[in-house]
Amino acid sequence: MALSTSADAPLPVGEVSRLIGGWIDRLGAVWVEGQITQLSRRPGAGVVFMTLRDPSYDISVGVTCYRQVFDAVADIVSEGARVVVHAKPEWYAPRGQLSLRAAEIRPVGIGELLARLEQLKRSLGAEGLFAADRKKSLPFLPQLIGLVCGRASAAERDVLEVARHRWPHVRFEVRNVAVQGVHAVPQVVQAVEELDAHPDVDVIVVARGGGSVEDLLPFSDEQLVRAVAACRTPVVSAIGHEPDTPLLDLVADLRAATPTDAAKKVVPDVGEELDRVQALRDRGLRCVRAMLEREERGLAHALTRPVMEHPHRMLEEREDELHALLARSRRVLGHLLDRADSEISHTRARVLSLSPAATLERGYAVLQRADGHVVRSPDEVAADEELRARVAEGELAVRRVVGPHA
């Protein structure tokens, strides 16, 4: 629980240390897993001192145990081994130091490690970190390659020599890290993140020249797998361990069998590319020549056709057809005009024969009143009314006479 303190009423260091020790004592015994990084067994001493480190994080804690506790596993446990410890946290008040008092030490066997890796593999696979659609394609010719490897290692030498032999102008940004042991995971993760943040790095290669299952455990660490999955830059795994597959191989965008194989897959061979360019040029030249020859044969064949030998023949034939069609159109038009003239003449004759003038020619007369109306009945004319009689040769005035002889 929180303490009530102030600048005017502080607690002595001894009291603070005593309180911390009391809180730690209430924690009780715990099972702890880690990797032994330091081991001190002084001859004749009844206590063994160790440092237990978390391989995924830069965190360690001291461990002490009685000699008989360590002697039970002394033949199979050494520095670098993974162990599970049943220990009671202890607080050494005079120095303010935390340690673990181990009552039992159990080595973590290969079978158990592989089982845990398989379980982690299924868990990360279920999250989709190994899915094929997440993998990024590598650039054809990277200008700057990030390389994560051990210092002065064979893997570094193989990658640099093979890559520069294939493409002399290729450049590298190298990060030398620990590739096994307790410092491997944080250093590799930091190197990968630095290279991924580098604006000029086109691809990252993580290389190591193989090793035992225990040596390659850092490359199956969950922290490293997630760091590679989060990279925007394509990552190539070149661990070089064929029997077992580190989880880094599954999350990487490309897996190479060895560091040498990684260099071959990342960097194109300048000689092969020049040969390929020459082959493509030759192929293109053959295609162009074949096309020209085909077109020349087609042109020669076209020139041998009659229409090309006598190009005016078609016009002459069409000229005769045009004259024939013109003569035919004139004849048809003449027939149509003659027929129309005959029809007009007949119609004119019928119109003339039915016209009032023709009737007058036969001796008839048309009586009209002064207002021009034609007289059709005697009742329409009053006595002594003057009328006009229209005959074939002209008009004359008449008057209706009413009397005995009317």
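Here, every reference points to the structure presented above.
Figured I'd write up the structure that's included with this text. The shown structure was predicted, so the numbers you read here are calculated from the model rather than taken from an experiment.

Calculation criteria
Residues numbered from 1 in each chain as written. Predicted model: local features only at pLDDT ≥ 70, side-chain atom pairs only at ≥ 80, totals over all residues. Heavy atoms only, no water. Helix = DSSP H or I, 4+ residues; strand = E, 2+ residues; numbered from the N terminus. Buried < 20%, exposed > 50% of the residue type's maximum accessible area, 1.4 Å probe, protein only. Contact = heavy atoms within 4.5 Å. Phe/Tyr/Trp six-rings, centres within 6.5 Å; stacked < 30°, edge-to-face > 60°. Lys NZ or Arg CZ within 6 Å of the ring centre and 35° of its normal. Pairing = 2+ DSSP bridges. Axes fitted to C-alpha atoms, helices over the stretch in contact; angles between N-to-C directions. Right-handed = clockwise from strand over helix to strand, strands pointing away.

## Details of the overall build of the protein chain
The helix and strand tally for the protein chain stands at 12 helices and 13 strands. Across its three principal axes, the protein chain shows a C-alpha extent of roughly 190 × 80 × 40 Å. Buried residues in the protein chain amount to 31% of all 406 residues. Of the contacts made within the protein chain by residues no fewer than 6 positions apart, 60% connect residues no fewer than 24 positions apart.

## Quick notes on the environment of Val162
Locating Val162 in the fold gives a position in helix 4 (residues 154-166). For Val162 and Ser99, which are 63 residues apart along the polypeptide, the C-alpha to C-alpha distance reads 49 Å. Those residues in contact with Val162 that sit more than four places away from it in its chain are Thr260, Ala263 and Lys264.

## Points about the environment of Arg106
Summarising the element assignment, Arg106 is placed in strand 5 (residues 97-107). Owing to a relative accessible area of 44%, Arg106 belongs among the partly exposed residues under this scheme. Taking the C-alpha atoms as reference points, Arg106 and Arg82, 24 residues apart in sequence, are found 8.8 Å from one another.

## Thoughts on the packing of aromatic side chains
Scanning the model with the defined rule gives 0 aromatic pairs in all. Here the basic side chain of Arg101 rests over the ring of Tyr66, its NZ or CZ set 5.1 Å away from the ring centre.

## Some thoughts on the sheet that holds strand 13 (residues 394-399)
With respect to topology, 3 strands assemble into an open sheet ordered 11-12-13, the strand pairing being antiparallel. Two strands in the sheet have a free side with no partner beyond their single neighbour: strand 11 (366-368) and strand 13. Within the sheet, the average angular offset between the axes of one strand and its neighbour, ignoring direction, is 30°. Looking at chain direction, strand 11 and strand 12 (residues 386-391) are connected through 3 bridges and run antiparallel. Paired with Val366 across the two strands is Arg390, which belongs to strand 12.

## Describing the sheet that holds strand 9 (residues 235-238)
Read across the open sheet, the 5 strands follow the order 7-6-8-9-10; overall the sheet is parallel. If you trace the sheet from one side to the other, it starts and ends with strand 7 (171-176) and strand 10 (254-255), each paired once. Pairing of strand 9 with strand 10, which is carried by 2 bridges, proceeds in the parallel orientation. If you follow Ser237 over to strand 10, its bridge partner there is Arg255. Its contacts with the sheet put helix 4 on strand 6 (144-149), strand 7 and strand 8 (203-207), and the angle it makes with strand 7 is roughly 175°.

## Quick look at the pairing of strand 6
Of all 6 residues making up strand 6, 6 are buried, and the element is well covered by its neighbours. Neither face of strand 6 is left uncovered, since the one carrying Leu144, Gly146 and Val148 and the one carrying Ile145, Leu147 and Cys149 both have all their residues buried. Taken together, strand 6, helix 4 and strand 7 form a β-α-β motif whose crossover is right-handed. By the bridge criterion, 4 bridges tie strand 6 to strand 8 in an arrangement that is parallel. Bridge pairing in strand 8 places Val148 opposite Val206.

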